[in-house]
Amino acid sequence: MRDRLPDTPPRAGELPAEPLSHSLKQRHLTMLGLGGVIGAGLFVGSGAGIAVAGPAIICSYLLAGALAMLVMRALGEMSAALPASGSFSVYAERALGRWAGFSAGWLYWFLLVVVLAVEATGAAKIANGWVPAVDQWVWVLVFMVVFTVANLAAVKNFGEFEFWFAALKVGAIVLFLVLGTLAVFGLLPDTDPVGLANLTGQGGFFPQGAGGVVAGMLAVIFAFGGLEVVTIAAAESDDPARSVARAVRSAVWRILFFYVGSMLVVVTLLPWDSLTPGQSPYVAVLDSLGIPAAGQIMNIVVFVALLSALNANLYGSSRMVFSLAERGEAPTALLKVSPGGVPRRAVFASVSFGFASVVLNLLWPDTVFLYMLNAVGAVLLFVWALIAVSQLRLRRELERDMPERLTLPMWCFPYLTWAALLGMAAVLVLMLFDDSARSQLLWSSGAAAAVLVVAWVRELRARRARRAGDAAG
């Protein structure tokens, strides 16, 4: 497979068996899907969305969630039919050629290892606040070492780690929803029913108009990133096809419920203009309900959310670069697998760049690292677009060669796939005209262009080598 040329893609069913472990259980995958996307972006970052959209942030989350749901359904269809540790990178290569698989894989790897630095630094800041005697960089080192060891161990241990991390986050959101709903109806001590006053007052449900909904969507759409990791992990489950189908079905609907439900509670209980961007709206709600030490409780939840995302991103990045190496798109030295089925060299490669990113974040957060962070700002949308285009192409191949593998078909194919592509194009156009998002789009486009140039040069070399071989023969 490593020597395959871009014009000779494998037919359905020709993917080689994965040399990785197959010890992840269904519960691991389900929680990985939930936990990978429930992070600081929801617990803290949602405040920025409320500030620009008001109560209409609910509509922003519905739109962003619907787009994420369509992309995940398209990816789930391919993952259930052809489970692979490289997930959408493998499917892009099969559907569009080596350039697409190379570009999708390396862009996503770059995204994960840069975001990993943000998560490690964020968790270290919280830990430093609890134990000021220990410097922030020491906490970063501790976290990186701990999660490197966790990812070098058997994949089942990683699954258990992530299962309990995700369970805590999910439990926190469920408890928040229960308390918030009781407060809305005045069923908690010292509370009265709030009615719809906060949804219709302070400028109404759409205080910033349709533009506020759009701005809110731009603020929250990237919070749905991370769902893709569950399709990467599916290749290491005991029943990949069935496991990924179940995980995708449950994760998407539950996440949409958690996101929209919690935002509905927030803007119903509190006036939207009383919330401060950058501060957790969850803390504001808990404080209003008189919950003791609400800030510290949420700090613990955010801390766990950051470490959970760090763990999942390190796992996802190592499996992606391993898959790239399998297909000859990364150094073959990364292919070495431990007796327990763990690609340790791929883990070290990912964590090494992660360490470098953390150092850049600690030393030059407003210069070098800011440029790197901007360079991955819109990469998720580029990857999602490749997923949708790949599904359009591979669906025809699967229908023709192995229709029995279409156990999780895309809804209303091909119309909803095209709708997802149009939605992503619309978001990219909106980013171009949004002052706060334009730099991310431009830097990300530059990063994508650089990767595409490398992919193009590699294809030219491969074709020249083949012509030279044909001439010699």
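Residues numbered from 1 in each chain as written. Predicted model: local features only at pLDDT ≥ 70, side-chain atom pairs only at ≥ 80, totals over all residues. Heavy atoms only, no water.

Enquirer: Explain the packing of aromatic side chains to me, using residue names and the numbers behind them.
Expert: Applying the stated rule across the entire model yields 20 aromatic pairs. Centre to centre, the rings of Trp 109 and Phe 353 are 5.3 Å apart; their planes meet at 55 degrees, and the pair counts as tilted. Within this pair, whereas Trp 109 is found in helix H6 (residues 98-130), its partner Phe 353 is found in helix H15 (residues 344-363), the two being separated by 244 residues in sequence. On the basis of relative accessibility, which here comes to 30%, the residue Phe 353 falls in the partly exposed class. Ring geometry for Phe 147 against Phe 165: centres 6.1 Å apart, planes inclined by 40 degrees, an arrangement best described as tilted. On the criterion of sequence distance, the pair formed by Phe 147 in helix H7 (residues 136-152) and Phe 165 in helix H8 (residues 155-184) is long-range, its members being 18 residues apart. A connected cluster of aromatic rings, assembled from ring pairs, spans Phe 102, Trp 106, Trp 109, Phe 110 and Phe 353. The ring centre of Phe 163 lies 4.7 Å from the NZ or CZ of Arg 27, which sits over that ring. In this structure, Arg 395 packs its charged tip against the face of Phe 413, placed 4.5 Å from the ring centre. (Phe/Tyr/Trp six-rings, centres within 6.5 Å; stacked < 30°, edge-to-face > 60°. Helix = DSSP H or I, 4+ residues; strand = E, 2+ residues; numbered from the N terminus. Buried < 20%, exposed > 50% of the residue type's maximum accessible area, 1.4 Å probe, protein only. Lys NZ or Arg CZ within 6 Å of the ring centre and 35° of its normal.)

Enquirer: Just give me the short version of unusual backbone geometry, but keep the residues and values in it.
Expert: A cis amide bond, omega 0 degrees, links Phe 413 with the succeeding residue Pro 414. With a phi angle near 45 degrees, Ser 87 is a residue other than glycine that sits in the positive phi range. Within the secondary structure, Ser 87 sits in the loop between helix H4 (57-81) and helix H5 (88-96). Positioned with a positive phi, Gln 202 is a non-glycine residue whose angle comes to about 50 degrees. Of note, Gln 202 is situated in the loop between helix H9 (197-200) and helix H10 (209-220). Using a relative accessible area of 33% as the deciding quantity, one classes Gln 202 as partly exposed.

As far as function goes, none of this settles anything; it's purely spatial.
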